[in-house]
Amino acid sequence: MAAPQTGTNIALGTLYMILAALLLALGATSARFAAGGMNVFTLVFWSNLGMFILMCAWIFVRPPPGGLGTKRLPQHFLRSVFTTAALVTYFYALARIPFANAVILQSMGPLFVPVLALIVFRRLSDRYVWLGVLISFFGVAMIVQPGQPGQAGMSPGDAAAVLAALGGAAAALVIWSLSTTEPPVRQMFYFSLFALLLSAIPLVWIWDWAWIWNRAWDWDPPYAAQVIPILCVAAFTIIGQYFYAKAFAAAPGDKVNTWSYMTIVFAAIIGFVAWDEPILAMTAFGACLVVGGAHLATRERRLADHADSAGQTESGGQRNCGAATEAEKA
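A few points on the structure. For clarity, every value in this text was computed on a predicted model and none was experimentally measured. (Residues numbered from 1 in each chain as written. Predicted model: local features only at pLDDT ≥ 70, side-chain atom pairs only at ≥ 80, totals over all residues. Heavy atoms only, no water.)

Some remarks on the environment of Ala 267
Here's step 1: Turning to its location among the elements, Ala 267 is positioned in helix 13 (residues 262-275).
Here's step 2: Taking the C-alpha atoms as reference points, Ala 267 and Leu 24, separated by 243 residues in sequence, lie 9.1 Å from one another. (Helix = DSSP H or I, 4+ residues; strand = E, 2+ residues; numbered from the N terminus.)

What to know about the side chain of Gln 187
Here's step 1: Here Gln 187 lies in helix 8 (residues 184-200).
Here's step 2: Taking relative accessible area as the criterion, Gln 187 reaches 1% and is therefore assigned buried.
Here's step 3: In this structure, Gln 187 is in contact with His 76, Arg 79, Ile 175, Leu 178, Ser 179, Glu 182 and Ala 245, ignoring residues within four places of it in sequence. (Buried < 20%, exposed > 50% of the residue type's maximum accessible area, 1.4 Å probe, protein only. Contact = heavy atoms within 4.5 Å.)

Considerations on the packing of helix 2 (residues 40-61) against helix 8
Here's step 1: For the pair helix 2 and helix 8, interaxial distance at closest approach is 9 Å and the crossing angle is 150°. Taken together, the axis directions place helix 2 and helix 8 in an arrangement best described as roughly antiparallel. The chirality of how helix 2 crosses helix 8 is left-handed. For the pair formed by helix 2 and helix 8, the contact residues are Val 44, Phe 45, Asn 48, Leu 49, Met 51, Phe 52, Met 55, Cys 56, Trp 58 and Ile 59 on the first element and Val 185, Met 188, Phe 189, Phe 191, Ser 192, Leu 193, Ala 195, Leu 196, Ser 199 and Ala 200 on the second.
Here's step 2: Split by residue class, the contact of helix 2 with helix 8 holds 17 nonpolar, three polar and no charged. (Axes fitted to C-alpha atoms, helices over the stretch in contact; angles between N-to-C directions. Parallel < 35°, antiparallel > 145°, perpendicular 65-115°, else oblique. Left-handed = near helix turned anticlockwise from the far one by under 90°. Nonpolar A, V, L, I, M, F, W, Y, C, P; charged D, E, K, R; others polar.)

Here we look at a nonpolar patch on the surface
Here's step 1: A cluster of nonpolar side chains, contributed by Val 115, Leu 118, Ile 119, Val 120, Leu 124 and Trp 130, occupies part of the molecular surface with about 510 Å² of accessible area.
Here's step 2: Among the secondary structure elements, Val 115 is positioned in helix 5 (residues 109-120).
Here's step 3: According to the relative accessible area criterion, Val 115 is partly exposed, its value standing at 32%. (Patch = residues over 30% accessible without salt bridge, like charges linked within 9 Å, V, L, I, M, F, W, Y side chains within 5 Å. Areas by Shrake-Rupley, 256 points an atom, 1.4 Å probe, with all protein chains shown as cover. Salt bridge = Lys/Arg side-chain N within 4 Å of Asp/Glu carboxyl O.)

Shown next as structure tokens:
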């Protein structure tokens, strides 16, 4: 499969990805306020329902170019499957291994993007992408500071966190491919629709459905205090995913995706402001590595391309001078 031919405006793609990272960090913050006393799968369902309602309102006001008709419905569904699977496996890991270890393993997603791009798209990312992703990943490790695992080898929780990273990377590749033909709003509509349907499946086993025939209100609706945080989760997530899709449409996905690590940087800042969670010197240095690595993955390639084009211009000029000299001799 050929690599998706998206835009080449790396600066704009970087801006969109940073905005997406900030919005997704705010969505995670809202989820923390909404999660009290609510099952995780139930929270995911209500958040997805909120996303779908917001997207319906969005499309009613500003429908996407070409409407909602699409010839790539399987890819839209696949994107939602990968995202939902990544979320479920990540929650599984959080319940079974230390929090920091789960976060750092799940953060391997951008490392998998150039690998999957090579396998699926036959696109070999340049060395600046690989180096930048590695530097940013080490920065994430310094921010999260994972502890030492309690046993040798990989536990089921560790494997689940890695699968979450792989699922996120696979979803990123699908978004990259969809961005060649599908406007972001259309992508968000089908993502919210399929995510809602998929998140409803676990409720068959989680909710007490006896209220249907007993007329008892036992189906775990959100409390009044949770409604606003859930709506915030839905709003921040859907707008964040919108800018995520716009980033992939504006520039090659393997280059701008490294900036998604900024979600962890923003989360550390929000934790300091909202809950007085300390920002250590190592955390600040890790944040600098994240920014520096992401910048390297994008800016250095443009400099190299400029140098290559300058070299080609110079060699072309030399060939022209040589041709002129031969003409003079003749």
